[in-house]
Amino acid sequence: MRWLATICLNGLALLLIDLIVPGFRIVGIGPAVLAAFVLGLVNTFVRPVLLFLTLPLTVITLGLFIFVINAITFTITAWLVPGFHVYSFGGAFWGALLTSVAGWVINILFKN
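In this text the structure is predicted, and so the values were computed from the model without any measurement.

About the thresholds
- Residues numbered from 1 in each chain as written.
- Predicted model: local features only at pLDDT ≥ 70, side-chain atom pairs only at ≥ 80, totals over all residues.
- Heavy atoms only, no water.
- Helix = DSSP H or I, 4+ residues; strand = E, 2+ residues; numbered from the N terminus.
- Axes fitted to C-alpha atoms, helices over the stretch in contact; angles between N-to-C directions.
- Left-handed = near helix turned anticlockwise from the far one by under 90°.
- Contact = heavy atoms within 4.5 Å.
- Nonpolar A, V, L, I, M, F, W, Y, C, P; charged D, E, K, R; others polar.

Honestly, the environment of Leu16 in this entry has me stumped. Any pointers?
In this structure, Leu16 sits in helix 1 (residues 2–20). The spacing of Leu16 and Thr75 is 59 residues in sequence and 18 Å in space, taken between C-alpha atoms.

Quick look at the structure:
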């Protein structure tokens, strides 16, 4: 049951970040919660493959390329979820970064 609350809170975080970052748009609460769920699936299954394939580039950039990988997973989620649109790389980059921070805070709150 805790995972459902986490997904809902991540969806609300996406809606709040939508107000801050101009490069992406979420149409409503339904697409936001669905996007949070799909983003979790993409981060679980696709992100490790991308990290493995880009490992040399990640090492050369001292790990900074992981931010680009996060933006790519954010964009993949936008392709899969209707009502969730990413308009620019900057929107994907900042949206993914702020969503990661929000998810980190939510996980800290629900850890206890």
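So what exactly am I meant to see when it comes to the packing of helix 1 against helix 2 (residues 29–45) here?
Two packed helices can be described by the angle between their axes and the distance between those axes. Running from amino to carboxyl end, helix 1 crosses helix 2 at an angle of 120°, the nearest separation of the two axes being 8 Å. By crossing handedness, the relation of helix 1 to helix 2 is classed as right-handed. Where helix 1 approaches helix 2, its residues Ile7, Asn10, Gly11, Leu12, Leu14 and Leu15 are matched on the opposing element by Ile29, Ala32, Val33, Ala35, Ala36 and Phe37. Split into classes, the residues belonging to the contact of helix 1 with helix 2 amount to 10 nonpolar, two polar and no charged.

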